[in-house]
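Here's the letter readout for the chains.
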Amino acid sequence: MTADFARRFRICLAVTIPILVLSPFIQDTFNFNFDFTGASALLWALAAFVYLYGGWPFLVGFKRELSERNPGMMTLVTLAISVAFFYSSAVSLGLTGEIFYWELATLVDIMLLGHWIEMRSVAGASRAVEELAKLLPAVAHRFSGTGMIEDVPADQLLKGDRVLVKPGEKIPADAEVESGQSSVDESLLTGESAPVDKSSGAKVIGGSVNGEGSLIIAVSLTGEESYLSQVARLVAEAQESKSRAQDIADRAARWLTVIAVGAGLITLAAWLSVSGRPAGFAVERMVTVMVIACPHALGLAVPLVIAVSTSLSARRGLLIRDRNAFERARAIDAIVFDKTGTLTTGEFGVSDIVVLADLDRVELLKLAASVEQHSSHPLARGIVDEAAGNYELSEFKSLSGRGAQGKVRGNDVLVASPGYLEELKLSYDRSKLEGLFKQGKTVVFVVVNGKVSGAIALADVIRPESRGAVARLKSLGKRVIMMTGDREEVAAWVASELGLDEYLAGVLPEQKASRVKELQSRGLSVAMTGDGVNDAPALAQADLGIAVGAGTEIAQATADVILVRSNPADVLSIFELSQDTYRKMTQNLAWATGYNALAIPAAAGAFYGLGVLLSPAAGAVLMSLSTVIVAVNARLLRLRKG
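Residues numbered from 1 in each chain as written. Predicted model: local features only at pLDDT ≥ 70, side-chain atom pairs only at ≥ 80, totals over all residues. Heavy atoms only, no water.

### A closer look at the nonpolar core
Now for step 1: Among the nonpolar cores identified, the biggest contains 53 residues, and Ile19 and Leu104 are the most heavily contacted of them.
Now for step 2: Elements that contribute at least two residues to this core include exactly helix 1 (2-22), helix 3 (39-54), helix 4 (56-67), helix 5 (73-92), helix 6 (101-121), helix 10 (248-272), helix 11 (279-292) and helix 25 (596-604).
Now for step 3: A per-element tally of this core places helix 5 first, with ten residues.
Now for step 4: If we ignore the near neighbours within four places in the chain, the residues touching Ile19 are Leu43, Leu46, Ala47, Val50, Tyr101, Trp102 and Ala105. (Core = buried A, V, L, I, M, F, W, Y, C linked by side-chain atoms within 4.5 Å. Buried < 20%, exposed > 50% of the residue type's maximum accessible area, 1.4 Å probe, protein only. Helix = DSSP H or I, 4+ residues; strand = E, 2+ residues; numbered from the N terminus. Contact = heavy atoms within 4.5 Å.)

### Things to note about the sheet that holds strand 22 (residues 561-563)
Backbone-to-backbone hydrogen bonds join strands into a sheet, with any given pair of strands oriented parallel or antiparallel.
Now for step 1: If you walk across this open sheet you meet the seven strands as 10-22-21-20-11-18-19, and the pairing is mixed. The two strands at the open ends of the sheet, each matched to only one other strand, are strand 10 (318-320) and strand 19 (502-504). Adjacent strand axes in the sheet meet at a mean angle of 20°, parallel and antiparallel pairs treated alike.
Now for step 2: Strand direction decides the pairing type here: strand 18 (residues 479-483) and strand 19, joined by three bridges, are parallel. (Pairing = 2+ DSSP bridges. Axes fitted to C-alpha atoms, helices over the stretch in contact; angles between N-to-C directions.)

### Here we look at the side chain of Asn588
Now for step 1: Positionally, Asn588 belongs in helix 24 (residues 570-594).
Now for step 2: Discounting chain neighbours no more than four positions away, the residues touching Asn588 are Ala301, Val305, Val630, Asn633 and Ala634.

### Notes on the UniProt feature "transmembrane region" (unreviewed entry) in the protein chain
Now for step 1: Sequence positions flagged by UniProt for "transmembrane region" (unreviewed entry) are, in local numbering, residues 43-62, 74-93, 99-117, 252-274, 286-308, 589-611 and 617-637.
Now for step 2: Along residues 74-93 one finds 95% helix and 0% strand; the C-alpha atoms at either end are 28 Å apart. (UniProt positions renumbered as here; feature names shortened; annotations may be inferred.)

### Section: the packing of helix 24 against helix 25
Now for step 1: It is the contact of helix 24 with helix 25, at a shortest axis distance of 6 Å, that shows an interaxial angle of 15°. In terms of orientation, helix 24 lies roughly parallel with respect to helix 25. The residues of helix 25 that touch helix 24, namely those facing Ala592, Thr593 and Gly594, are Asn596, Ala597 and Leu598.
Now for step 2: Of the residues belonging to the contact of helix 24 with helix 25, the class tally is three nonpolar, three polar and no charged. (Parallel < 35°, antiparallel > 145°, perpendicular 65-115°, else oblique. Nonpolar A, V, L, I, M, F, W, Y, C, P; charged D, E, K, R; others polar.)

### Here we look at the pattern of salt bridges
Now for step 1: For the coordinates displayed, the defined rule picks out 21 salt bridges.
Now for step 2: One salt bridge connects Arg487 with Glu489, and the closest N-O pair in it is separated by 3.9 Å.
Now for step 3: Its relative accessible area of 33% is what places Glu489 among the partly exposed residues.
Now for step 4: Here Asp580 ties to Arg583 by a salt bridge, and the two come within 2.8 Å at their closest N and O atoms. Within this pair, Asp580 and its partner Arg583 are both found in helix 24, separated by three residues, close to a single helical turn.
Now for step 5: Exposure remark for Asp580: the relative accessible area of 6% places this residue in the buried category.
Now for step 6: Three or more residues are tied together by salt bridges with common partners; here these are Asp4, Arg7 and Arg8. (Salt bridge = Lys/Arg side-chain N within 4 Å of Asp/Glu carboxyl O.)

### Overview of the sheet that holds strand 9 (residues 215-221)
Now for step 1: Pairing is antiparallel across the open sheet formed by six strands, whose spatial order is 2-1-3-9-4-7. Strand pairing shows two members of the sheet lacking a second neighbour, strand 2 (149-153) and strand 7 (203-204), which therefore form its edges.
Now for step 2: Strand direction decides the pairing type here: strand 3 (residues 162-165) and strand 9, joined by four bridges, are antiparallel. By the bridge assignment for strand 9, Val163 is matched with Ile217.

### Side note on the packing of aromatic side chains
Now for step 1: For the coordinates displayed, the defined rule picks out nine aromatic pairs.
Now for step 2: Ring geometry for Phe34 and Phe36: centres 5.6 Å apart, planes at 75°, overall edge-to-face.
Now for step 3: Overall, the relative accessible area of 41% leaves Phe34 in the partly exposed class.
Now for step 4: When the centroid spacing of 5.7 Å and the interplanar angle of 80° are considered together, the rings of Tyr51 and Phe86 count as edge-to-face. Here Tyr51, found in helix 3, pairs with Phe86, found in helix 5; they are 35 residues apart in sequence, far enough to count as distant.
Now for step 5: Through a chain of ring-to-ring contacts, three or more aromatic side chains come together here, namely Trp44, Tyr51, Phe85 and Phe86. (Phe/Tyr/Trp six-rings, centres within 6.5 Å; stacked < 30°, edge-to-face > 60°.)

### Re helix 1
Given 3.6 residues per turn, any residue in an α-helix points the same way as the ones three and four places further on.
Now for step 1: Here helix 1 is 21 residues long and its end C-alpha atoms lie 31 Å apart, about the 30 Å a rise of 1.5 Å per residue gives.
Now for step 2: Considered for burial, the residues of helix 1 that qualify are Phe5, Ala6, Arg8, Phe9, Cys12, Val15, Thr16, Ile19 and Leu22. (Expected span 1.5 Å × (residues − 1).)

### So, the pairing of strand 3
Now for step 1: Where strand 1 (residues 139-143) lies against strand 3, two bridges are found, and the strand directions are antiparallel. Paired with His141 across the strands is Leu164, a residue of strand 3.

### Quick notes on a nonpolar patch on the surface
Now for step 1: A cluster of nonpolar side chains, contributed by Ile17, Val21, Phe30, Phe32, Phe34, Phe36 and Leu42, occupies part of the molecular surface with about 640 Å² of accessible area.
Now for step 2: Position of Leu42 relative to the elements: it lies in helix 3.
Now for step 3: Exposure remark for Leu42: the relative accessible area of 37% places this residue in the partly exposed category. (Patch = residues over 30% accessible without salt bridge, like charges linked within 9 Å, V, L, I, M, F, W, Y side chains within 5 Å. Areas by Shrake-Rupley, 256 points an atom, 1.4 Å probe, with all protein chains shown as cover.)

### Quick word on unusual backbone geometry
Now for step 1: Even without being glycine, Lys425 reaches a positive phi, approximately 60°.
Now for step 2: Mapped onto the elements of the fold, Lys425 is located in the loop between helix 17 (418-424) and helix 18 (434-438).
Now for step 3: In this model, Asn449 sits at a positive phi of 55°, which is unusual for a non-glycine residue.
Now for step 4: Residue placement: Asn449 occurs in the loop between strand 16 (442-448) and strand 17 (451-462).

### Some remarks on the side chain of Thr581
Now for step 1: Among the secondary structure elements, Thr581 is positioned in helix 24.
Now for step 2: Exposure remark for Thr581: the relative accessible area of 1% places this residue in the buried category.
Now for step 3: Contact partners of Thr581, with chain neighbours within four places excluded, come to Val305, Ile306, Ser309, Phe326 and Leu637.

If you want it as structure tokens, here you go:
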């Protein structure tokens, strides 16, 4: 439909040019003459084309509104263009009066433009299910009955199929690990930032990314039973249940329709009852009323402001997908942030270094980085990035799910998980690390020549801009809440670091939308900010869904606003622009409808006794002036905020 409105607008705009040139009113106004045999017939034919081709969407909409007994913008536009066309056609056939083909053409053009702009500013159908499907790999390595490995389309996997998942590959279906050890990145699906160690008997989710080890899995869930399908269903349900604000312009158009029709009929009846006045005069008064009530300004009052606001938003790193939700942003009471990838970077960084033996902090970190430089584990990258260089490494060995080891400067260096230390029965002073464990940080140990020399704590890195964003949001009276799938200890640490009002920890993906509903049941208007697949249902359920641009396309497809720069501070711009946009819209709508309070009575001849009588042409000029005022006022939003 967006493309259809664009095509009709461009074609009708081209046809409008000769209509303007051939119109007597335009020729008189600009003092030129362009007449030839058949000019009147050509003018009528061009106007008829614009009326039927350009006005077709409005004629169809009028029929729909009439059948639903809910007159609105389509009804008013149809009445305006129909009165202009049929009255002008009657004048062309001999009725005394003026023709308004130029008015008809410009009205159709502007209404097509307004609807085109409006449709482009409103999000299209959600691509959520399509984006979910893209998370799964196209091909799976399935074991045949003879034990050979064959590549098959992932969507052909059946429950019970045995599949090989190589390092770095996506897991093709929900399954259980039969053999092998690895760490799996499930952050896009569950929100859990730390890679999860998997071994025999563990459950894995289709769409998650395998780490450094190989896994043989047995498919357990497919089709509608799978995790991704369940998330897709939650997204669809939340989107269907989301209430959408009724369009203000439609409500205004409904009232203006009643006023215009009522005033037109009253005007006709009143002047027909006045003795000595010809019927043509009464008809002219009615036409003037209908012309001056033409919704040029009303049709552009909202779309023009939205177009300017959308442009400003893009310059500030915001992409608006749902206009109605964006307008509601001004009334948001609470902002719920997902932790991983939103308030934090989603990447691990070194937060603490604890020396347990005869090494300094720098040397301890350098030895660990020397081993981890050959590992692809996310924790390893965090250690290597923090260290100031590393030593030459030999005899490197990766220990899936346990750590890594190698020889550094003649020393046997092991970087190991707490669990592996227990397997090796290596002891350490736990009291020195108790605080780190309570904060939910991930701790790895550095063992040099069989002795536990120290520990390195890693945590999801908090974005530098998050602290300022939270503080400013709280200063605006907003309640700032974090919701995460991470453990209580991790959530408590992040909340204390940022000074959050509230946090919800250990929230499963299927619970996030219901948690948003719980907040809404407390009477709060809720905005949700997230980046993962697991956030998509909650984004759709919230009064305002905000996706960070670095997140998944599924999150973006269900969000109302996208933060291009993935900066939580940009959330503030949403509230500011929402308030400014709403104010400009109400100003435009007030003018677009309010000027009729004086213009319609004047057009009807209410001030005839005072010598004031508007002709249909003067009414058209006033109507056009109203459109200019609305356009300039919308532009002021850019000038003030640019």
